[in-house]
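Residues per chain are reported as follows:
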Amino acid sequence: SVQAGAEGVNIDGLKVKAAHILLEDVRLDMGSLLRHNRIVVREARNAEVMMKVTEKDLADYIAVKVKEARNPSVKIMPDKVELNSEVDLGIAKLAVGVQGHIVGDDRSIRFVSDKLEIKNAGGIQFGALFAEIPLVDMKRLPIPVGVRKVVTEPGSIILYADNHG
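Nothing here was measured: the structure is a model prediction, and the numbers come from that model. (Residues numbered from 1 in each chain as written. Predicted model: local features only at pLDDT ≥ 70, side-chain atom pairs only at ≥ 80, totals over all residues. Heavy atoms only, no water.)

Okay, the overall build of the protein next. Scanning the protein from terminus to terminus reveals three helices and 10 strands. Mapped in sequence order, the helices and strands of the protein form the string β-β-α-β-α-β-β-β-β-α-β-β-β. For the protein, with 165 residues in total, the buried portion stands at 39%. Pairs at least 24 residues apart make up 46% of the contacts formed inside the protein by residues separated by at least 6 positions. Just so you have it, the protein exposes about 9,700 Å², and 49% of that area is on carbon and sulfur atoms. In the protein, 23 positive and 23 negative side-chain charges are present, and the distance between their average locations comes to 3 Å. (Helix = DSSP H or I, 4+ residues; strand = E, 2+ residues; numbered from the N terminus. Buried < 20%, exposed > 50% of the residue type's maximum accessible area, 1.4 Å probe, protein only. Contact = heavy atoms within 4.5 Å. Areas by Shrake-Rupley, 256 points an atom, 1.4 Å probe, with all protein chains shown as cover. Lys, Arg positive; Asp, Glu negative; His and termini not counted. Charge placed at Lys NZ, Arg CZ, Asp CG, Glu CD.)

Summed over the entire model, instances satisfying the criterion amount to zero aromatic pairs. Of note, Lys 149 hangs over the ring of Tyr 160, and the distance from its end group to the ring centre comes to 5.9 Å. (Phe/Tyr/Trp six-rings, centres within 6.5 Å; stacked < 30°, edge-to-face > 60°. Lys NZ or Arg CZ within 6 Å of the ring centre and 35° of its normal.)

With that out of the way, let us pick up the side chain of Asp 105. Within the fold, Asp 105 resides in the loop between β6 (93-104) and β7 (108-119). Within the local environment of Asp 105, its side chain forms a polar contact with the side chain of Arg 110, the two groups lying 3.1 Å apart. (Polar contact = N/O pair within 3.5 Å; in protein donor to acceptor, adjacent residues only side chain to side chain.)

With that settled, the discussion passes to the side chain of Asp 57. Mapped onto the elements of the fold, Asp 57 is located in helix α2 (residues 55-65). One buried charge, Asp 57, has no salt-bridge partner; the nearest side chain with opposite charge is Lys 15, at 4.3 Å. Side chain to side chain, Asp 57 and Thr 54 meet in a polar contact 3.0 Å long. Discounting chain neighbours no more than four positions away, the residues touching Asp 57 are Leu 14, Lys 15, Val 16 and Lys 17. (Salt bridge = Lys/Arg side-chain N within 4 Å of Asp/Glu carboxyl O.)

Together, Leu 28, Met 30, Leu 34 and Ile 39 make up an exposed nonpolar region whose accessible area comes to about 430 Å². Relative to the elements of secondary structure, Met 30 occurs in helix α1 (residues 30-36). (Patch = residues over 30% accessible without salt bridge, like charges linked within 9 Å, V, L, I, M, F, W, Y side chains within 5 Å.)

Here the focus is the environment of Pro 142. Following the sequence through the fold, Pro 142 ends up in the loop between β8 (132-137) and β9 (146-153). With a relative accessible area of 72%, Pro 142 lands in the exposed category. Residues Pro 142 and Val 41, spaced 101 residues apart in sequence, show a C-alpha to C-alpha distance of 7.3 Å.

Okay, the sheet that holds β8 next. A sheet is described by the order of its strands in space; here five strands give the open sequence β4-β5-β6-β7-β8, paired in antiparallel fashion. The outermost strands of the open sheet, each flanked by one partner alone, are β4 (69-76) and β8. With strand direction ignored, the average angle separating the axes of adjacent strands in the sheet is 25°. Bridge analysis of β7 against β8 gives five bridges, and the strand direction is antiparallel. Within the sheet, the bridge partner assigned to Ile 109 lies in β8 and is Val 136. Lying on the sheet, α2 is in contact with β4, β5 (81-88) and β8; it crosses β4 at an angle near 155°. (Pairing = 2+ DSSP bridges. Axes fitted to C-alpha atoms, helices over the stretch in contact; angles between N-to-C directions.)

With that settled, the discussion passes to the confidence of the model for the protein. Atomic detail in the predicted coordinates should be set aside for any region of low pLDDT. Looking at the protein as a whole, its pLDDT mean stands at 88, while 93% of the residues score no less than 70. Summarising per-element confidence for the protein, the mean pLDDT is lowest in helix α3 (residues 128-131) (66) and highest in strand β10 (residues 156-162) (96). (pLDDT = per-residue confidence, 0-100.)

Okay, the environment of Lys 80 next. Position of Lys 80 relative to the elements: it lies in the loop between β4 and β5. Residue class for Lys 80 comes out partly exposed when judged on its relative accessible area of 22%. Here the alpha-carbon distance between Lys 80 and Glu 153, two residues 73 residues apart in the chain, equals 9.1 Å.

Here it is in structure tokens:
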């Protein structure tokens, strides 16, 4: 079995404060190991992954991925995730508050909004901007895993994924 841990890794553009992986019954690509001195996992019968994301890392990601968002802030609580941001629509700047949660499956990890509050909207509609924000494309990970559990605790989100599905 192989166990590894890392801090401050970037997974599909999202900075992850801590990541831990456990692999059992592993097959490596020996060609990559011998020719390029690189470890490439071909297959793992059992793969378990844990990733921890902080409020700051999620806010930084949203600032880059949602181009209309200005100075986003994120607050993670046990039952929800709150996102606040200014939104620059060119014709107006609006204060936006979004409450939602993090979901994941075999395809992706994403923020899904439950409630959207807009101050001084003046009839402008843009709810789709924060309706769902993709965070990680699971197909881009080197080992195929799916999210099995999402835990939100004050200040961070912990994602558990495996290949048991």
